[in-house]
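If you want the building blocks of each chain, they are given just below.
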Amino acid sequence: MADPVVVPPGQIFERACIQACAALAFSPPAVAADLAASVSSSTPLVLVPNVALRTAILNWCDRLGLPHPAPLPPDTARDIVRRLMPPQREDQSSRSQRPQVASSVRVRRQSVDGFVVQEPSSKQRGDALEEEIMAVLGAEGATPAEQASAMASLRQATRENKEVRRQLCTPRLLAALRPMLLSADAGVQVNAAAAVVNLSLEPENKVRIVRSGAVSPLVDVLRGGHPEARDHAAGAMYSLAVEDENRAAIGVLGAIPPLLELFAGAAGYRARREAGMALYHVSLSGMNRSKIARAPGAVRTLLAAAEMRDRNNEADAAALRRLAVMVLANLAGCPDGRAALMDGGAVAAVVRLMLNGSAAPGSAEEEYCISTLYGMSRGSMRFRGLARAAGVEAALQPVAEGDGGVGRDLARRTLSAMRGEDDDAPVTATGLLGRQWDDGSVVSEGLVSIRRPPHRSNYAGPSGSNTTQF
C-alpha cells in the first residue's frame, strides 16, 4: 500500500481504492457490514491515515532495496473497481461517470498483536490481482515506479500461494511480463524475473511460460541484466529446463553461452548453482550437448569449476564441483562432446579429481568422473594414448576391483577400452537404466537415475518444486 487508511470499523484500505469504492457506491467483498453501509450511503467516509503501517511498508522496501509504492491515480483505481463490479452495476457507474476498486483494496483487520489479513479466496485474489496488474501495465504513460510496484505485487502473490501461481500464469499476464524483463529500471526487472521464477514452480506452468516467448527476454537478462535479475533469470532457466519438453527450445534460443558465463563468473554461490543446475538439465538433451561442446571455452569453464577449491566455504565449492562433473558426464555422451573434452584436457583433469580426493571414493562425484572417462573411451583410439599418459589405470583399478555397482562396471569397461580389448557386452548393474548415448552406447543416465543431484532444503520451496521461491 502506498497510502493506507483506517475506516471506522477498523479495517485498512489503500486510500485511492476505498475512495473509488465510495464514488461508485460499491462494497468490496468480505468487508464489515457497517463499512458496506457507509460505502453505499451518501455519508462521507472518515479516513484516518495509518502512519504505523505506511512506515513499516517503507522500511521494508528500503531494507530489500525495492522502490516505494506509488499511490494509485484515481482513474486507475476506479478502472480496477469497475472490473470487480457486476455488469449491471458497472453500466450504471459508467452512465453516472463514476469510478472503481482495486484488489489492492486488501482488507485488513487491526488486532492487539498487529494486522491480521482477511484473505479472500485464491481465485478471487488471482483474478483481482491480474486485473490490477494489467490495469497498470496496460495504462499509457505508466511510470517505472508504478510498474515496479505492480511487479512487486505479482512477485509477492506468486511466492505465497500455489493456486494463485496457477491462476496467474495466463497468456495475457505472461505477454505483459516480457517487456518488464527488458525494462531499464532495476526494480521492474528484478521483480519481473523473480515473478517468472515463482510462476515456473508449478509443473503445469513450465511449458506455458516457454511457449509464451519468455525465454528470449530471460536470455537477454542473463547477458546484461541487473545482477540480481540475472540471478533470478538463472533460477528461471533451471526451473524451466526441468521439463523435458522445454530443453531444446532453451538451447535454441541462446541460453547456453550466458549460463556458462554465469557459472564461471564471479557471481554469488546461488547464481552459480542455479546456472549449473540449468546447464545440467539442458545438457540432458542430445541436441544441447553438441551446442555446449561447441560453445567457446565451455570445457575450460566446466573443468575449472570441477577443480575449484574454496577454503572459506568448501561445502559450496563441492556442490559446484559436482554440478560441473555432472555436465561433463553428459557431454561425454555425444561425439562432439567427447572430442571437445579430449581437446580440452578432460582426461587428465578427471584423473586428477579422482587421485587428489576431490572425487572421493564411493561418492557421486567419483561415479560421474568414471562415467565421463567411460564416455570418452567409446570407440576412440585417441583416448588410449591420453589415458595412459594421464594415469587412468591408477585411478580406475581400485574401483574396478571393488564391490559391485555401476561405477565398478564402467571402470572395468573403460580399462578394457584403454587396453584395446574388445568389450561390447552391455553394462549390467542394479539400478542402471537402459538409456543410450547418441552413438548407441549405454549412457551415464544410469548413474543419473540413481544419483540425482540432492535437492537440499535451500534448493526447493515449500511446494517441493525444483528451485527457490524469490
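Residues numbered from 1 in each chain as written. Predicted model: local features only at pLDDT ≥ 70, side-chain atom pairs only at ≥ 80, totals over all residues. Heavy atoms only, no water.

By the naming in an unreviewed UniProt entry, the protein chain is RING-type E3 ubiquitin transferase, taken from Panicum miliaceum. Of the protein chain, the UniProt comment under Catalytic activity (unreviewed entry) reads exactly: "S-ubiquitinyl-[E2 ubiquitin-conjugating enzyme]-L-cysteine + [acceptor protein]-L-lysine = [E2 ubiquitin-conjugating enzyme]-L-cysteine + N(6)-ubiquitinyl-[acceptor protein]-L-lysine." For the record of the protein chain, the UniProt heading Pathway (unreviewed entry) holds the text "Protein modification; protein ubiquitination." (UniProt positions renumbered as here; feature names shortened; annotations may be inferred.)

**Student:** In this structure, what is going on with the overall build of the protein chain? I would like to understand it.
**Tutor:** Scanning the protein chain for helices and strands turns up 26 helices and five strands. Expressed as a percentage of its 470 residues, the buried residues of the protein chain come to 54%. Considering only contacts in the protein chain between residues 6 or more positions apart, those separated by 24 or more positions represent 66%. If you sum the accessible surface of the protein chain, you get close to 19,800 Å²; carbon and sulfur atoms cover 51% of it. (Helix = DSSP H or I, 4+ residues; strand = E, 2+ residues; numbered from the N terminus. Buried < 20%, exposed > 50% of the residue type's maximum accessible area, 1.4 Å probe, protein only. Contact = heavy atoms within 4.5 Å. Areas by Shrake-Rupley, 256 points an atom, 1.4 Å probe, with all protein chains shown as cover.)

**Student:** Got a minute to help me understand the UniProt feature "repeat: ARM" (unreviewed entry) in the protein chain in this structure?
**Tutor:** UniProt marks residues 213-250 with the feature "repeat: ARM" (unreviewed entry), using the numbering shown here. In the segment residues 213-250, helix accounts for 84% and strand for 0%; the C-alpha atoms at its two ends are 11 Å apart.

**Student:** I'm lost on the packing of helix α23 (residues 381-390) against helix α25 (residues 406-418) in this one. Help?
**Tutor:** Direction vectors running N to C along α23 and α25 enclose 105 degrees, while the axes themselves pass 9 Å from each other. Comparing the axis directions of α23 and α25 gives the class roughly perpendicular. Judged by residue contacts, Phe383, Arg384, Ala387 and Arg388 of α23 engage Thr414, Ala417 and Met418 from α25. (Axes fitted to C-alpha atoms, helices over the stretch in contact; angles between N-to-C directions. Parallel < 35°, antiparallel > 145°, perpendicular 65-115°, else oblique.)

**Student:** Mind showing me how you'd approach the nonpolar core here?
**Tutor:** Nonpolar side chains in soluble globular proteins tend to end up buried together. Grouped together as the largest cluster of nonpolar side chains are 111 residues, with contacts concentrated most on Met151, Met237, Phe263 and Leu373. Once residues lying within four places of it in the same chain are set aside, the contact partners of Met151 are Ile133, Leu137, Leu177, Met180, Val188, Asn191 and Ala192. Phe26, Leu47, Ala77 and Val81 belong to the second-largest nonpolar core, a separate cluster that totals 17 residues. (Core = buried A, V, L, I, M, F, W, Y, C linked by side-chain atoms within 4.5 Å.)

**Student:** Mind showing me how you'd approach the packing of helix α21 (residues 346-355) against helix α24 (residues 392-400) here?
**Tutor:** The angle between the axes and the distance between the axes are what describe a pair of packed helices. Between α21 and α24, the shortest axis-to-axis distance is 9 Å and the interhelical angle comes to 50 degrees. Classified by the angle between their axes, α21 and α24 sit oblique to one another. Crossing of α21 over α24 shows left-handed handedness. Contacts from Val347, Val351, Met354 and Leu355 of α21 reach α24 at Val392, Ala394, Ala395, Leu396 and Val399. Classifying every residue of the contact of α21 with α24 by side-chain character gives nine nonpolar, no polar and no charged. (Left-handed = near helix turned anticlockwise from the far one by under 90°. Nonpolar A, V, L, I, M, F, W, Y, C, P; charged D, E, K, R; others polar.)

**Student:** What am I meant to see in the environment of Asp79 here?
**Tutor:** Within the element layout of this structure, Asp79 appears in helix α4 (residues 74-84). Looking at Asp79, its side chain comes within polar contact range of the side chain of Arg82, at 3.4 Å. (Polar contact = N/O pair within 3.5 Å; in protein donor to acceptor, adjacent residues only side chain to side chain.)

**Student:** Whenever I open this one, the pattern of salt bridges confuses me. Can you help?
**Tutor:** Should their charged atoms come close, side chains of opposite charge can pair. Under the defined criterion, the tally for this structure stands at 22 salt bridges. Across the salt bridge formed by Arg78 and Asp75, the nearest N and O atoms sit 2.4 Å from each other. Taken together, the residues span about one helical turn, with Arg78 and Asp75 both in helix α4 at a distance of three residues. Residue class for Arg78 comes out partly exposed when judged on its relative accessible area of 21%. Here Arg166 and Glu163 are joined by a salt bridge, their closest N and O atoms 2.6 Å apart. Here Glu163 and Arg166 lie together in helix α8 (residues 162-168), a separation of three residues that amounts to about one turn. (Salt bridge = Lys/Arg side-chain N within 4 Å of Asp/Glu carboxyl O.)

**Student:** Would you explain unusual backbone geometry in this entry?
**Tutor:** Working note: non-glycine residues mostly have negative phi, and peptide bonds are mostly trans. For Ala25, which is not a glycine, the phi torsion comes out positive at approximately 55 degrees. Mapped onto the elements, Ala25 comes out in the loop between α1 (15-24) and α2 (33-40). Overall, Ala25 belongs to the partly exposed group, its relative accessible area being 23%.

**Student:** Please explain the environment of Gly333 as it appears in this structure.
**Tutor:** Following the sequence through the fold, Gly333 ends up in the loop between α19 (314-331) and α20 (335-343). Once the C-alpha coordinates of Gly333 and Arg289 are considered, the two residues, 44 residues apart in sequence, prove to be 7.9 Å apart.

**Student:** Would you mind going over a nonpolar patch on the surface with me for this structure?
**Tutor:** There is a patch of nonpolar side chains on the surface, built from Val252, Leu253 and Met287 and spanning about 270 Å² of accessible area. Tracing the chain through its elements places Leu253 in the loop between α14 (244-252) and α15 (256-264). Residue Leu253 is classed as partly exposed on the basis of its relative accessible area of 38%. (Patch = residues over 30% accessible without salt bridge, like charges linked within 9 Å, V, L, I, M, F, W, Y side chains within 5 Å.)

**Student:** Honestly, the pairing of strand β2 (residues 11-14) in this entry has me stumped. Any pointers?
**Tutor:** Side chains on a regular strand alternate between the two faces of the sheet. With burial as the criterion, each face of β2 is covered, one bearing Gln11 and Phe13 and the other bearing Ile12 and Glu14. Where strand β1 (residues 4-6) and β2 come together, three bridges link them in antiparallel fashion. Directly across from Val5, in β2, lies its bridge partner Phe13. (Pairing = 2+ DSSP bridges.)

**Student:** Just checking my understanding: could you explain the confidence of the model for the protein chain for this structure?
**Tutor:** It should be kept in mind that the predicted coordinates are not to be read in detail where pLDDT is low. Within the protein chain, residue pLDDT values average 80, and 77% of them lie at 70 or more. Ignoring residues within four places in sequence, the model shows residues 89-119, a span with pLDDT below 50, making 94 contacts including any to other chains. (pLDDT = per-residue confidence, 0-100.)

**Student:** What is the right way to look at the packing of aromatic side chains in this model?
**Tutor:** By convention here, two paired aromatic rings are described through the distance between centres and the angle between planes. Counted under the stated rule, the structure contains zero aromatic pairs. Between Arg272 and the ring centre of Phe263, over which it is positioned, the NZ or CZ distance is 5.9 Å. (Phe/Tyr/Trp six-rings, centres within 6.5 Å; stacked < 30°, edge-to-face > 60°. Lys NZ or Arg CZ within 6 Å of the ring centre and 35° of its normal.)

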